[in-house]
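# Survey of secondary and tertiary structure
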Protein chains: 4
Amino acid sequence: MLEVAIIGASGYTGGELLRFLDVHSEVEVVAATSRQYADTPIRKVHPHLHDLDLKFSNKSPSDLDVDLAFTATPHGASMNIVPELVEKGVKVVDLSGDYRFDDIDIYEKWYGLKHTNPLEAVYGLPEMYRDKIKGADLVANPGCYVTGAILAGIPLVKEGLVDTIIADSKSGVSGAGINPTPATHYPNIGDNVVPYAVTNHRHMPEIQEKLAKYGDVRVSFTPHLVPVIRGIITTLHCFPLKDVTPNDVLEMYKEQYKDEPFVRVLDVGEIPRTSSVRGSNFCHIGCFEMDENGRLVVISAIDNLVKGASGVAIHNMNLMCGFPETMTLDGVGLHP
Amino acid sequence: MLEVAIIGASGYTGGELLRFLDVHSEVEVVAATSRQYADTPIRKVHPHLHDLDLKFSNKSPSDLDVDLAFTATPHGASMNIVPELVEKGVKVVDLSGDYRFDDIDIYEKWYGLKHTNPLEAVYGLPEMYRDKIKGADLVANPGCYVTGAILAGIPLVKEGLVDTIIADSKSGVSGAGINPTPATHYPNIGDNVVPYAVTNHRHMPEIQEKLAKYGDVRVSFTPHLVPVIRGIITTLHCFPLKDVTPNDVLEMYKEQYKDEPFVRVLDVGEIPRTSSVRGSNFCHIGCFEMDENGRLVVISAIDNLVKGASGVAIHNMNLMCGFPETMTLDGVGLHP
Amino acid sequence: MLEVAIIGASGYTGGELLRFLDVHSEVEVVAATSRQYADTPIRKVHPHLHDLDLKFSNKSPSDLDVDLAFTATPHGASMNIVPELVEKGVKVVDLSGDYRFDDIDIYEKWYGLKHTNPLEAVYGLPEMYRDKIKGADLVANPGCYVTGAILAGIPLVKEGLVDTIIADSKSGVSGAGINPTPATHYPNIGDNVVPYAVTNHRHMPEIQEKLAKYGDVRVSFTPHLVPVIRGIITTLHCFPLKDVTPNDVLEMYKEQYKDEPFVRVLDVGEIPRTSSVRGSNFCHIGCFEMDENGRLVVISAIDNLVKGASGVAIHNMNLMCGFPETMTLDGVGLHP
Amino acid sequence: MLEVAIIGASGYTGGELLRFLDVHSEVEVVAATSRQYADTPIRKVHPHLHDLDLKFSNKSPSDLDVDLAFTATPHGASMNIVPELVEKGVKVVDLSGDYRFDDIDIYEKWYGLKHTNPLEAVYGLPEMYRDKIKGADLVANPGCYVTGAILAGIPLVKEGLVDTIIADSKSGVSGAGINPTPATHYPNIGDNVVPYAVTNHRHMPEIQEKLAKYGDVRVSFTPHLVPVIRGIITTLHCFPLKDVTPNDVLEMYKEQYKDEPFVRVLDVGEIPRTSSVRGSNFCHIGCFEMDENGRLVVISAIDNLVKGASGVAIHNMNLMCGFPETMTLDGVGLHP
């Protein structure tokens, strides 16, 4: 059994890691840390995990004797924890933004932090870097919007079809985390649509850096908060530079993702919607349509807490540890 | 492998049966019938079941050669299908109201139908009739509100603690089924609370008949529709006839349900909420509190589509067929 | 023009007071105080009040030279502000719980506070105390749940029809105020139903004290939070001690409220729902039905921020100052 | 008093027309027609209009003797009603799509109907055609998405700043009307985001035709349904052809709309959100931001039932009849 720790387990991503890992037959969660809730039973914070016989602990990373750790810690905190873990041979999947960027300057600019402990890390999107992840000691889990945008965008860039992409995202509120704020207060976001960070969200440079691995492209991104708990719809708008039909595009996507266990390319008439992937690790991509102006639309749907965070983190663990990729992650969405 | 048919598979209960049965290792779904959607791939109606390689069929019950059938057919339709199935040796779990009542007069009065084909059936609430279900050929699945109210009420009645119970329920909209109506139209029920059938809901006589198996009691019931997809909170209000403390009551419940795989009695400070059981077959019961007037409160939470419909149907199948009880049903709720 | 101050204007009740008073032809709001937002334009906090050319001020009550003040201050804070205002001749409508109770012991027990400045106040429910309010200098605005429960209960108690009432309420989240908490965090309450304070909510003794003015009765109360922004549905369950028909009860209510400008007694077939009164000062009461057990149901619907708080506060002001009762308050609900 | 009829008054736009006209001091609604609900009191269908002492009538247009009629009839039905009304001297505001287009071929192509009764009509967006509307006998009310997109786009096109606009809209469900469908069924759209008609919505050619009055531009449009009752957020993405700063753009908008009674240009730091305009006739426009790629974002918020339908219809009536423009329409949004 792989012994695993979740560092920062009291948030929503911690809860989702616990939900999946508790029934993973190759893994035992030996520590779930939380300073705030030390010695509190998990179920007081995550009420759906009623039978989980585990308490939050206040162990520091140096006291953790585990095979692998998920660091579900805030941006800026991970960089103070991860190096020590890696050094003593613990494999790490980091869910923060600290190790996502090749270019540290971009990180420092967009996160407003000095990066004190840069390390070599593999970017943890299996559809991009499956093989590298298999051999990695440190994997940097992608941002939630980033996963939805990249998976929808890869074939477009790879085939040289576009040089400009506009990604317009609609996100559920759980993406903001478990801590209440005015923006997440029910009366403020219930029955409402609220754009935010319309030209300066931190996930924009991450989408840009990763999609540019596939070709020259500039990506513009705008997120909106909608009264949904989980899920991100990312609508890509672009003007193909080559002469293609919607069907050509559909075929490109089918080819690109034909062996991917968690990406589903939808046929004509099928609509990506967040409920189809609610609670699951699947990404649905569809709506390959063009209008009279030559604009092409491609839309992806993911659950931001699963495919956008904890699910892909476990997918990465499965790859790093040689387990079957889909282990514990093969459940379908909860619709309705 | 047990060969199973789902008759009337295009509704929400059909979708949930398919979601659970598709990963049940002892079962193969060989037919999912729907007149409206004959020859349509399942995923066109249940978009989360994307990988299910099955189409709706238009087979009539007489053409079905299966070991067990779930009849997810409307009230009044089941009675025309079930007898033929039972006669030719197919085990049946009926999800309609047609076979729930001991007293056919009550059925006919409350459903406004003549019952043309009465049959001996076991009432399919495992917490009541586990042993009888094991040997049954025909099991009548309980109504969704009924399950929430009975599980919350059994210990009160069994111990002779009360002679009157008021059950005030708040239900998600999926309980109304997959067919759109003005009551389920988003602008009419979003951001709204709507009482309905406040003294004459069909589930009231069913709660009454079943709880009365445990002792003399009269039950009054009022449901409300709330802007929630899945889930029922049932708040029982009663005035104990005996001198008890909240803790006595809590202990009664713990004793009653200590071996039940799907009922969880919550400790002081834990609150039943629908999100804790969303998508799962669990029932949470809690809030054993008394006020200065001697009123006792007990509250249950279930997912109406799972513990209130398709989950308990599969639980019944597991019992009828000798499979482990919790097979395919052990997933926890999806919170948040 | 009546010069008015709103003390504590940055909350939801402050916003609603401003929305109604801004178009009240006899009133000028000369100060809207907020320590947190001093010198900030109102619209930064209440974005719908875009054209309101007013800033929050940090004036202390002693610096306010106004005719009337609304104290939308927290429980425990009002008692430190109100006496000074009253003493210098400012009429006051207090929206906190500090002056609601005849019996200070009850206040101190349920609010966990020592009351340092008791004063004579009129309880501000116009349907109870219209005439006293007209001559009052200090009016204590009722709790939101209390208004819904009392209006639904008065005729029952007054006619000696019942000695016990169970009030089961379902409330929108704005009742919890503008400050974010885990309970009001969208992912925690969206798509959810959460009972709370099931036998010990502070509004219970207030309902009890006020309804008992009409006759002997004991009231039990349980609130639930539902994913709604505004609105409270209060379902009264009771067993009439006299022989009455539902129609008798309906007629009692019609008689009781026939001259009330803001209470509407619904006919058979009309359903109280929160959307019917959303944003308005109306209270709808309906569902006068009885079941086979002799249980009677009566259900009220109000907007907790209007009839349950700011609307009735302005109604009280209109009465205190001799304005037409319905002035600025006659708008209907926003449905859908 | 202007005598007015609402033809097709049982839908949501009919309800909103009645809500505003009932308190319009220059107007009397003498007929509200509905075939389905003839002789039914209005409040049975529009429960918030409880005090409205009016029944639906089944009068045919030829029997209506009124000064002005609102035809809130479906596309294709209006063209059979409007000409007769106009001929006999009734002023008409038509809320359908039948008279919106200059180019009938476009109408016929996108609506799939033969237009049997073309007539000269003024396009009823006051911010475009105020003077023409004043003298018009027939005004064609704009589509809801169109209003949000045009108001956000006019300055961009008029100043020659762009030749391409992508409009990504998020709409509340009431835009789909009062008739229930699978798309509007609560369990299907609650907690969900659903793109639809991603490249072929009927409002696209209308946006295109109207914006092109201001300059050469091609507009691409994609709508999404979100779990909101009322409101549309339209996010415009474009790449300015000239060198401008966000502040330049903000100033252009302030200049364009400085005298408009219902358009508010938001300052830096203010965010358009649907709740700010909920139930009101205001349009908020804001978020004039640019990213590193030179993409400019402009976002508008309207209530689709008011500024997007019934409010602007009354605005048009006020202009056609010489009433003050803002009469009955000056209420602010209902937030929260």
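Residues numbered from 1 in each chain as written. Chains lettered and ligands numbered in written order. Predicted model: local features only at pLDDT ≥ 70, side-chain atom pairs only at ≥ 80, totals over all residues. Heavy atoms only, no water.

All names here are of chain C. If you trace the seven strands from one edge of the open sheet to the other, you get E8-E9-E7-E10-E13-E12-E11, paired in mixed fashion. Pairing within the sheet leaves two strands with one partner each, and these edge strands are strand E8 (194–195) and strand E11 (263–265). Looking at chain direction, strand E12 (residues 283–290) and strand E13 (residues 296–302) are connected through five bridges and run antiparallel. In the sheet register, Glu289 faces E13, and the bridge partner there is Val297. (Pairing = 2+ DSSP bridges. Helix = DSSP H or I, 4+ residues; strand = E, 2+ residues; numbered from the N terminus.)

Okay, the pattern of salt bridges next. All names here are of chain A. In this structure the tally under the stated criterion is 95 salt bridges over all chains. When the shortest N-O distance is used, the salt bridge between Asp102 and Lys210 registers 3.8 Å. Placement of Asp102 in the loop between strand E4 (91–94) and helix H4 (104–111) and of Lys210 in helix H8 (residues 203–211) is noted, with a sequence separation of 108 residues between them. A salt bridge links Glu127 to Lys307, with the shortest nitrogen-to-oxygen separation between them at 2.7 Å. Of the two residues, Glu127 sits in helix H5 (residues 126–134) while Lys307 sits in helix H10 (residues 306–321), which places them 180 residues apart along the sequence. Here Glu127 and Lys307 have matching classes, each one buried. (Salt bridge = Lys/Arg side-chain N within 4 Å of Asp/Glu carboxyl O. Buried < 20%, exposed > 50% of the residue type's maximum accessible area, 1.4 Å probe, protein only.)

Further remarks concern the relation of the copies chain A and chain B. The transformation that overlays chain A on chain B combines an axial shift of 0.0 Å with a rotation of 180 degrees, and the residual RMSD is 0.0 Å. Accordingly, the operation relating the two chain copies is best matched by a two-fold axis. Minimal C-alpha distance to the rotation axis in chain A is attained by A:Asp191, lying at 3.6 Å. Taken together, the interface assignments show that 100% of the residues at the interface of chain A recur at the interface of chain B, consistent with an identical surface on both copies. (Least-squares fit on C-alpha atoms with pLDDT ≥ 70 in both. Contact = heavy atoms within 4.5 Å.)

Okay, the relation of the copies chain D and chain A next. Superposing chain D onto chain A takes a rotation of 180 degrees plus a shift of 0.0 Å along the axis, which leaves an RMSD of 0.0 Å. When the interface residues of chain D are mapped onto chain A, 100% of them are again interface residues, pointing to one common binding face.

Another point: a negative patch on the surface. Residue and element names in this part refer to chain A. Negative charge collects at one region of the surface, where Glu3, Glu28, Asp65 and Asp67 lie side by side. Residue placement: Glu28 occurs in strand E2 (residues 27–33). On the basis of relative accessible area, Glu28 is assigned to the partly exposed category, the value being 39%. (Patch = residues over 30% accessible without salt bridge, like charges linked within 9 Å, V, L, I, M, F, W, Y side chains within 5 Å. Areas by Shrake-Rupley, 256 points an atom, 1.4 Å probe, with all protein chains shown as cover. Lys, Arg positive; Asp, Glu negative; His and termini not counted. Charge placed at Lys NZ, Arg CZ, Asp CG, Glu CD.)

So far we have only geometry, and geometry alone does not tell us how the molecule works.
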